[in-house]
Amino acid sequence: MLFTPTVIKNLLKKPATRLYPFTVREPFPNYRGELYIDIDACIFCGTCARKCPSQCIEVDKEQGLWSCDPHACVYCGICRDTCPTKCLHMKDVHRKPMTERIMMVEKGEPPKPKKKAAEAAPKAEAEPKADDADKGESKKADAKKK
Ligand code: SF4
Ligand code: SF4
């Protein structure tokens, strides 16, 4: 008796579900659909690959390759949200069902090594080592004692 009003209400109202695929819901803002990349803006930092919970992204900085297994993607959007250059995006539709397994592979221009890093290496070699400096100090002290 206690549930009678709820039962009557549920019998009279429309179902909350849709008869998919005959009725498809319209996309809404921030919908997380198919992932795609603007490869020209990618700096191959690898953040997306490290943060992806299903480990379906691979980044090869040397070759300038970015790849993703779309069948393993769970559409969480973490890669998109953590990308420092905001070059990952999600469409407002999902990938259509397919009979063959595919990989998303994009080739871009890998970042050139910074000049500073190359210049710093010979400098570091030219600078005296801490041990050498210590030896020099102790020699001076010995000379003073004599
Ligand atoms: S897509 Fe974004 S996070 Fe992933 S490697 Fe490129 S710049 Fe880094
Ligand atoms: S949306 Fe989520 S699961 Fe899919 S590639 Fe990005 S981080 Fe990985």
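Scoring rules and cut-offs
Residues numbered from 1 in each chain as written. Chains lettered and ligands numbered in written order. Predicted model: local features only at pLDDT ≥ 70, side-chain atom pairs only at ≥ 80, totals over all residues. Helix = DSSP H or I, 4+ residues; strand = E, 2+ residues; numbered from the N terminus. Buried ≥ 20, exposed ≤ 12 C-beta atoms within 10 Å, placed from the backbone. Contact = placed C-beta atoms within 7 Å. Near = placed C-beta within 6 Å. Nonpolar A, V, L, I, M, F, W, Y, C, P; charged D, E, K, R; others polar. Pairing = 2+ DSSP bridges.

Asker: So, the overall build of the protein: which residues are in play, and what are the values?
Answerer: For the protein, the helix and strand inventory stands at 5 helices and 5 strands. Secondary structure elements of the protein occur, N-terminal to C-terminal, as α-β-α-β-β-α-β-β-α-α. Counting across all 146 residues of the protein, residues that qualify as buried make up 10%. Within the protein, contacts between residues at least 6 apart in sequence are counted, and of these 73% link residues at least 24 apart.

Asker: Requested: an account of the site of ligand 1, with residues and values cited.
Answerer: Near ligand 1 lie 15 residues; those nearest to it are Cys 42, Cys 45, Thr 47, Cys 48 and Cys 83. Across the shell around ligand 1, the residue classes tally to 12 nonpolar, 3 polar and no charged.

Asker: Account for the site of ligand 2, naming residues and giving values.
Answerer: Taken together, 14 residues are adjacent to ligand 2, and Cys 52, Cys 73, Cys 76, Ile 78 and Cys 79 come closest. Residues that form the shell around ligand 2 fall into these classes: 12 nonpolar, 2 polar and no charged.

Asker: Mind laying out the pairing of strand E3 (residues 65-68), listing which residues take part and the relevant values?
Answerer: Across the two faces of E3 the burial differs, with Trp 66 and Cys 68 buried and Leu 65 and Ser 67 not buried at all. Inspection of the sheet shows strand E2 (residues 57-60) paired to E3 by 4 bridges, in the antiparallel sense. Bridging from a neighbouring strand, Asp 60 pairs with Leu 65 of E3. Taken together, E2 and the strand that follows it, E3, pair antiparallel across an intervening segment of 4 residues, in which Gly 64 is found at a positive phi of about 70°. Note that E3 and strand E5 (residues 104-107) share 4 bridges and pair antiparallel. Along E5, the bridge assignment pairs Trp 66 with Glu 106.

Any functional reading would require information that these geometric values do not contain.
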